[in-house]
Amino acid sequence: MLIVAQLSDFHVRRPGQTAYGIDTNAMFERAIQGVLDMDPRPDCVVVSGDLTDCGLDEEYEYVLAGLRRLPMPVYVIPGNHDLRGPFVKILSRNFRYLPRAGYVNYCVEDYPLRIVALDSVIDGETGGRFCAERQAWLRDALARGKGKPTLIMIHHPPFPVAVNGMDTLGLQEASAFADIIQAHPEIERVVCGHYHRPITVRFAGTVGFAVPSVAHQVALDLRPGTSNRFIMEPPSFAIHTWRRDSGVVTHLMPIGNYGGPFDIVLAPEYPGLKSHV
Ligand SMILES: [Fe+2]
Ligand SMILES: [Fe+2]
């Protein structure tokens, strides 16, 4: 079985600084520890953008030092809070798969589940784009891996999520993106960050998924016309397992100690069941 951990939206600041009053650096460290504490550990980690809050060199240095604690391969893409220049300049010291110029698009071919990583960033804007150049790149990349189980990672969700505040910050050219995905039934998941909430949706013949942040979450607000506010719900990352018989199965992994695990021991008078479950 292949185990892929998806971490997202660290929003790391300069050492000693907070983001919106939140110690995102400490929460990032706890997320790294959460991955290290897993047994078995993931085979690789994918990071779906917003690694820093402001795109500063010092922030990337902090991110890199944290990610270096992970013994398994780590695959990163930028989000709207990243700046492509410093992101590549600093992270490519460790992550040599990162393209040195242009968009941060690449494929990982080392596992039975192929990973296709996409850059949806427009410098200086909150929303994302999937322009003609990126569309052409994805078409070529998917043609090369046709038939092989594939996980697509992109920061901006290319699907509406029924939350006004989020749906105004999504991906432009999402229908072009969906058309490309639709033509490839081997795509198991399109996994995203950006919305800081766990969201699952049917999308273009596959499953779309947005992962929570390892730091602050965005409050679920289904009232029309409202904007986003953050909330300190439990931070989480996702575990995507892949096996030939099950395909990709996605689990949510809260970060932190919530007690247990405890053995499930039923009371002797428990009705109906002959054995404990
Ligand atoms: Fe974010
Ligand atoms: Fe974002």
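Residues numbered from 1 in each chain as written. Chains lettered and ligands numbered in written order. Predicted model: local features only at pLDDT ≥ 70, side-chain atom pairs only at ≥ 80, totals over all residues. Heavy atoms only, no water.

Turning next to the coordination of the iron ion (ligand 2). Each protein donor to the iron ion (ligand 2) is listed here as D50 (OD), N80 (OD1), H155 (NE2) and H194 (ND1); together their distances run 2.1 to 2.3 Å. Taken together, the four donor atoms coordinating the iron ion (ligand 2) span angles of 87 to 163° at the metal, a pattern that classifies the geometry as irregular. Here the donor residues for the iron ion (ligand 2) map to a single chain with the spacing D-x29-N-x74-H-x38-H. According to the relative accessible area criterion, D50 is buried, its value standing at 2%. Take N80: its relative accessible area is 13%, and that puts it in the buried class. (Donors = N, O, S within 2.8 Å, 3.2 Å for Na, K, Ca; no water. Tetrahedral: all angles 85-135°; square planar, octahedral: opposite > 155°, others 65-115°. Buried < 20%, exposed > 50% of the residue type's maximum accessible area, 1.4 Å probe, protein only.)

Looking now at the packing of aromatic side chains. Evaluation of the coordinates by the stated rule reveals ten aromatic pairs. With centroids separated by 6.3 Å and ring planes inclined at 50°, the aromatic side chains of F28 and Y62 adopt a geometry described as tilted. With F28 in helix α1 (residues 24–36) and Y62 in helix α2 (residues 57–67), the pair connects residues that are 34 residues apart, well separated along the chain. Owing to a relative accessible area of 0%, F28 belongs among the buried residues under this scheme. Summarising the aromatic geometry, the rings of F177 and F203 are spaced 6.0 Å apart at their centres and angled 25° between planes, so their arrangement reads as stacked. Of this pair, F177 sits in helix α6 (residues 174–182) while F203 sits in strand β8 (residues 199–203), placing them 26 residues apart in sequence. Taken individually, F177 and F203 each receive the classification buried, so the pair is uniform in this respect. Taken together, Y75, F95, Y97 and Y106 form an aromatic cluster joined through their ring pairs. Its guanidinium or amino end placed over the ring of Y103, R134 lies 3.9 Å from that ring's centre, counting from NZ or CZ. (Phe/Tyr/Trp six-rings, centres within 6.5 Å; stacked < 30°, edge-to-face > 60°. Helix = DSSP H or I, 4+ residues; strand = E, 2+ residues; numbered from the N terminus. Lys NZ or Arg CZ within 6 Å of the ring centre and 35° of its normal.)

Turning to the sheet that holds strand β7 (residues 187–192), a few remarks are in order. Strand order across the open sheet formed by six strands is β4-β5-β6-β7-β9-β8, with mixed pairing between neighbours. Among the strands making up the open sheet, the edge pair consists of β4 (106–108) and β8. Geometrically, the sheet is characterised by an average inter-axis angle of 20° between neighbouring strands, direction not taken into account. Here strand β5 (residues 114–118) runs beside strand β6 (residues 150–154); their pairing, made up of five bridges, is parallel. Of the residues in β6, the one forming a bridge with I115 is L151. Taken strand by strand, helix α4 (residues 132–144) contacts β4, β5, β6 and β7, and its axis lies near 175° from that of β5. (Pairing = 2+ DSSP bridges. Axes fitted to C-alpha atoms, helices over the stretch in contact; angles between N-to-C directions. Contact = heavy atoms within 4.5 Å.)

To continue, consider α4. In a regular helix each residue adds 1.5 Å, so 13 residues correspond to 18 Å; α4 covers 19 Å between its end C-alpha atoms and thus fits that length. When we look at burial in α4, the residues that qualify are R134, Q135, L138, A141 and L142. What you see down the axis of α4 is that its buried residues fit within an arc of 130°, all on one side. Exposed residues pointing more than 90 degrees away from the buried face of α4 are listed as A132, E133 and R144. (Expected span 1.5 Å × (residues − 1). Arc of directions from axis to C-beta.)

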